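Report on the structure
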Amino acid sequence: MPLVLSIFLWLLPIVTALLFVGRVWWTPDLASIHGRSIDDQLALALIVAGTIFVLAHFALGYFIWRYRASGSERALYWREHPKLEAAWTIATAILFIGLGIEGNRVWAGYARESMPSDVVRIEVTAQQFAWNFRYPGPDGRFGRTDPRLIDDSLGNYIGIDPDDSAGEDDIVTQNLAAVPVNRAVEVTLRAKDVTHSFFVPQFRVKQDAVPGLSIPVHFTAKAAGEYEVACAELCGMQHHKMRGRLQVMSEAEFQSWLRSRAAL
Amino acid sequence: MSGFLRRYLFSTDHKVVGIQYLLLSLAAVLVGIALSIIMRIRLAWPQEKWPILERLMPAAFAGGPMTPEFYLSMMTMHGTIMIFFVLSTAPLSGFGNYFLPIQIGARDMAFPVLNMLSFWITLLAFGVMMAALFATGGAPIAGWTSYPPLSALGEIAGPGLGLGQGLWIVSIAIFCVGSLFTSLNFLTTTLNLRARGMSLLWMPLTVWAWFTTAILALLAFPVLLAAGLLLLLDRIGGTSYFLPAGLIVSDQLIPNQGGSPLLWQHLFWFFGHPEVYIAILPGMGITSHIVSTFSRKPVFAYKAMVAAFFAIGFISYIVWGHHMFISGMSPYAGIAFSISTMAVAVPSAVKTFNWLATMWRGQIRLATPMLYSIGFVSFFVSGGVTGVMLAMPSVDIFLHDTYFVVAHFHIIMGVAAIFAVFAGTHFWFPKMFGRMMSESLGKVHFWLTLAGVYAIFMPMHFLGISGGLRRYAEFTEFAFLRPLQPLHVFISIAAFVTAAAQIIFLFNCFWSIRNGRRAGVNPWEATSLEWTIPSPPPHDNFAGVEPVVHRGPYDYSVPGASRDYLMQTEGGPE
């Protein structure tokens, strides 16, 4: 019995580690520039967590087998060892807090990245079970919006005010967007009704869209293709169907895509 | 009042109240498991029709596969029932009520009538929660976190968000009141009713665990109560605590303005993170107690264990923002929350080191309580290391709201705490009922549950790392999610087997009450005060003789002693 339990506790981390190392299931293929640092951090975190996981289970399994009751001997009367306790407390503090500082350095590096002047600006307004994308058009300015003007039957999904000339050339699409490859994109997230979350797995981008707030998030796509935008925050009964398509294309294709959309 | 009612129903005896809480948790956990089975059916086979289930619950199917809103309502109720009525109830109010007074040598709780009232308030909360489950229009679908605006808008935001959501909030508010009374009772009892000689640093670690948990409960539940009342006011009083201006829901303009959805998240997680520790601290206490008893060794570094309870308890109040890294909160605040979360891992690691050090050079007896406690340590490590990962915002960006998080919190606060309950049940059953539980049935149950739980939750890490989002009724709409379906089928089958294995535990409990081997006063050769009195204990615990305590709680294998344990009431070698 002790040996069986020990073997279980040894096999568990070995099998788990092999499945991770073998990448049987793994993150979707990376398609953004900043995502590399996130993936590296994830790998580092997995290695640290995995090492603790393996060592702790090896020790647990070994002790169960090695110190199983013999019936004749007495256990060691051992109550404390202040130096040992201080040593492992300090060691874990350095390990965890060091890892935390490193993780935050990566995050701050991404969150505080400044945007180049040619950044592509897109406004995303999430609503129950759809993504509305808006491009500012040739004037580079988004027109004023007013929720009272929202009228899906007229195609005015986000309530663009017709009295504001800045909004005349705005391009609005639903569940379909395009961005150019290798150019920074800044998305401003808004929500019409409840909280949603903008998730593009291959870009390693996830950010909540909260009603009442405008929250920026940015990425630079590095591979052309079509990606999925999924909602990551529970938003109601069709949450699992809230799917947008994000097409990454060359600069020339992007410009012609914008023109064709503007003509609609 | 007749004798029976007074003795078993409206009893003020802490032991009866403890058992009442345990039975309430048992009822709740059965409901919670049933709901999770319904969830797993939908997740594994989302398009399948189930004629038998449809006959039982026609509205949930509407002539086709299970509806997504029904799935979400099952998910919401599963989480709520498990977290509040199982994990916050059995380890603290169940075992704590029964054993805290006995372990410190008291005749009862400080406020026995308030204690009885706490239970009846909690039972009322459970009744209202069951009403939410069966409410007209469906049970709520906003998740156990019930984020507004979704939870604040009523029926127009989705099915179950009218009456069902309203009842949910009322139930949680009532539950908070009951837990608040319980924590007051625990704190007062521990501070004022200890027997002669029972100094604070001679209390068993179980008592320290319940004491620190009660401090957390005392400070956390009022915040949730307040948040719940504000949410209720937004729904029925026309206020706008959580609703900003200009919301358009189902083509309707919502008149509220000026509120903030993030306010709820801050209030909820200010409660919600300490809540995690309310669920797990009693388990740490039980594990420390049992690992020492069955290793026949003193708990290693007792004072560090006590300090770790307080460190975890204190730090747990300044980490809540790690649930909100991607919520739109300031990144600077995120950094503070991330580092504080890393800090809470330190006392948690210290506890693990101390459990291992307690086993080192012990004489380990692998009886069922010890098996479950070893399971606890294993789960605590498995779920803890993923917590360290998620504490980093850069990692959390990708893993937030995926099954990686589901795996993390189920292992560390769900399964670990439940294994502590299994351990506690096998350990204290002979004291509560005078008979031993079957060791062989217990071992079968332990193995099936240990292997089953890992089969359920280990694959969820892989779902998460592949981007698999939680709270999705199905994985069919997205190309990046569809390849994960075989994992869901595997998890569901593992869940069905593990759920079925719980019948063994149930049978063992009820069968052993009448048929178990008779237990003596101290079947485990343990040292704390509950093992000095008859099994089951008399009404006033110590039959009018106040115990006098002469030593700390874990004097196992003391050199020079005639046997390998010395009771707390014994003199003899120091």
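Topic: the pairing of strand 2 (residues 130-135) of chain A
All names here are of chain A.
- The buried fraction of strand 2 amounts to five of the six residues, a majority that puts the element mostly inside the structure.
- Pairing analysis gives five bridges linking strand 1 (residues 120-127) to strand 2, with the strands arranged antiparallel. For Q127, the partnering residue across the bridge sits in strand 2 and is A130.
- The antiparallel pairing of strand 1 with strand 2 creates a hairpin that spans two residues between the two strands, and F129 there sits at a positive phi of about 75°.
- For strand 2 and strand 3 (residues 171-174), the ladder comprises four bridges, and the chain directions are antiparallel. The partner of R134 across the bridge, within strand 3, is V172.

Some remarks on the interface of chain A and chain B
- Tallying the contact residues gives 83 residues for chain A and 91 residues for chain B.
- Going through the elements one at a time, helix 1 (2-21), helix 2 (35-66), helix 3 (82-111), strand 7 (205-209) and strand 9 (225-231) of chain A are the ones with two or more residues in the side of chain A that touches chain B.
- The residue makeup of the side of chain A that touches chain B, split by class, is 49 nonpolar, 18 polar and 16 charged.

Comments concerning the environment of I326 of chain B
- The topology assignment puts I326 of chain B in the loop between helix 11 (302-315) and helix 12 (331-359).
- Residues I326 of chain B and I397 of chain B, spaced 71 residues apart in sequence, show a C-alpha to C-alpha distance of 6.7 Å.
- Other than its neighbours up to four places away in sequence, I326 of chain B contacts S197, K206, Q207 and D208 of chain A together with I397 and H400 of chain B.

Considerations on the domain arrangement of chain A
All names here are of chain A.
- Per the domain assignment, the segments making up chain A are domain 1 (2-68 + 82-111) and domain 2 (120-263).
- Computed from C-alpha coordinates alone, the two centres of domain 1 and domain 2 are separated by 38 Å.
- Across the contact, nine residues belong to domain 1 and eleven residues belong to domain 2.
- Among the residues making up the side of domain 1 that touches domain 2, the classes are represented as five nonpolar, three polar and one charged.

Cut-offs used in this document
Residues numbered from 1 in each chain as written. Chains lettered and ligands numbered in written order. Predicted model: local features only at pLDDT ≥ 70, side-chain atom pairs only at ≥ 80, totals over all residues. Buried ≥ 20, exposed ≤ 12 C-beta atoms within 10 Å, placed from the backbone. Helix = DSSP H or I, 4+ residues; strand = E, 2+ residues; numbered from the N terminus. Pairing = 2+ DSSP bridges. Contact = placed C-beta atoms within 7 Å. Nonpolar A, V, L, I, M, F, W, Y, C, P; charged D, E, K, R; others polar. Domains from an automatic or database assignment.

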